[in-house]
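Notes for the structure review
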Amino acid sequence: MIIDLTCQKCEASFELNAQALIDGTEPLQCPQCAARAPADLARAFVAALTEFRAQVAALDRKFLLSVTFESPPSRSSTTSTPRTTTSAEARRPLRRPHPSA
Ligand SMILES: [Zn+2]
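Residues numbered from 1 in each chain as written. Predicted model: local features only at pLDDT ≥ 70, side-chain atom pairs only at ≥ 80, totals over all residues.

1. So, the overall build of the protein
Assigned secondary structure in the protein consists of three helices and two strands. Counting helices and strands in the order they occur from the N terminus, the protein gives β-β-α-α-α. If you take every contact in the protein between residues at least 6 apart in sequence, the share linking residues at least 24 apart comes to 28%. (Helix = DSSP H or I, 4+ residues; strand = E, 2+ residues; numbered from the N terminus. Contact = placed C-beta atoms within 7 Å.)

Following this line, the structure appears as structure tokens:
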């Protein structure tokens, strides 16, 4: 499992191997500016990853899994980049059940 990360500090994108993170062979750290997650947060994240991976392994008798995670939009980084949302995409009419009978 490969995790894609973007550094909030220098905006560098990098990848981390989940297995290496779990093994502790790779730190949760930006290779460009050396920013890293707080130790307790990193530990909790690795624990969650370990658990997640175990559950995926348990599930794979029935389903194979491929996941893309996105961080929720962060409130701290309200920079000058305005996000334009296409209103046409958001306004999709709800499908109502057909009133038959
Ligand atoms: Zn960085």
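2. Digging into the pairing of strand E1 (residues 2–6)
Within E1, only zero of the five residues are buried, which leaves the element largely exposed. Where E1 lies against strand E2 (residues 13–17), five bridges are found, and the strand directions are antiparallel. By the bridge assignment for E2, Leu-5 is matched with Phe-14. Here E1 folds back onto E2, and the loop between the two strands holds six residues, one of which, Glu-11, carries a positive phi near 65°. (Buried ≥ 20, exposed ≤ 12 C-beta atoms within 10 Å, placed from the backbone. Pairing = 2+ DSSP bridges.)

3. Let's talk about unusual backbone geometry
A positive phi angle, close to 65°, is found at Glu-11, a residue other than glycine. By the element assignment, Glu-11 lies in the loop between E1 and E2. The exposure class assigned to Glu-11 is exposed, which follows from the 10 C-beta atoms found within 10 Å. Positive phi values are uncommon outside glycine, yet Ala-34 reaches one of about 65°. Topologically, Ala-34 is positioned in the loop between helix H1 (18–23) and helix H2 (39–59). You can call Ala-34 exposed: it has 11 C-beta atoms within 10 Å.

4. Let's talk about the confidence of the model for the protein
On average, residues of the protein score 81 in pLDDT, and 72% of them reach the 70 mark or higher. Ranking the elements of the protein by mean pLDDT puts helix H3 (residues 87–90) last, at 49, and E2 first, at 94. (pLDDT = per-residue confidence, 0-100.)

5. Overview of the environment of Asn-17
As for its placement among the helices and strands, Asn-17 is situated in strand E2. Overall, Asn-17 belongs to the partly exposed group, with 13 C-beta atoms counted inside 10 Å. Residues Asn-17 and Ile-3 lie 14 residues apart in sequence; the distance between their C-alpha atoms is 6.2 Å. Leaving out residues up to four positions away in the same chain, Asn-17 has contacts with Ile-2 and Glu-26.

6. Examining H2
Its 21 residues give H2 an end-to-end C-alpha distance of 30 Å, which sits within 8% of 30 Å, the value for a rise of 1.5 Å per residue. Taken across its 21 residues, H2 has zero buried, putting it largely on the surface. (Expected span 1.5 Å × (residues − 1).)

7. Details of the environment of Arg-43
Along the chain, the position of Arg-43 falls in helix H2. For Arg-43, a count of 12 C-beta atoms within 10 Å translates into the label exposed. In sequence terms Arg-43 and Leu-28 are 15 residues apart; their C-alpha atoms lie 9.5 Å from each other.

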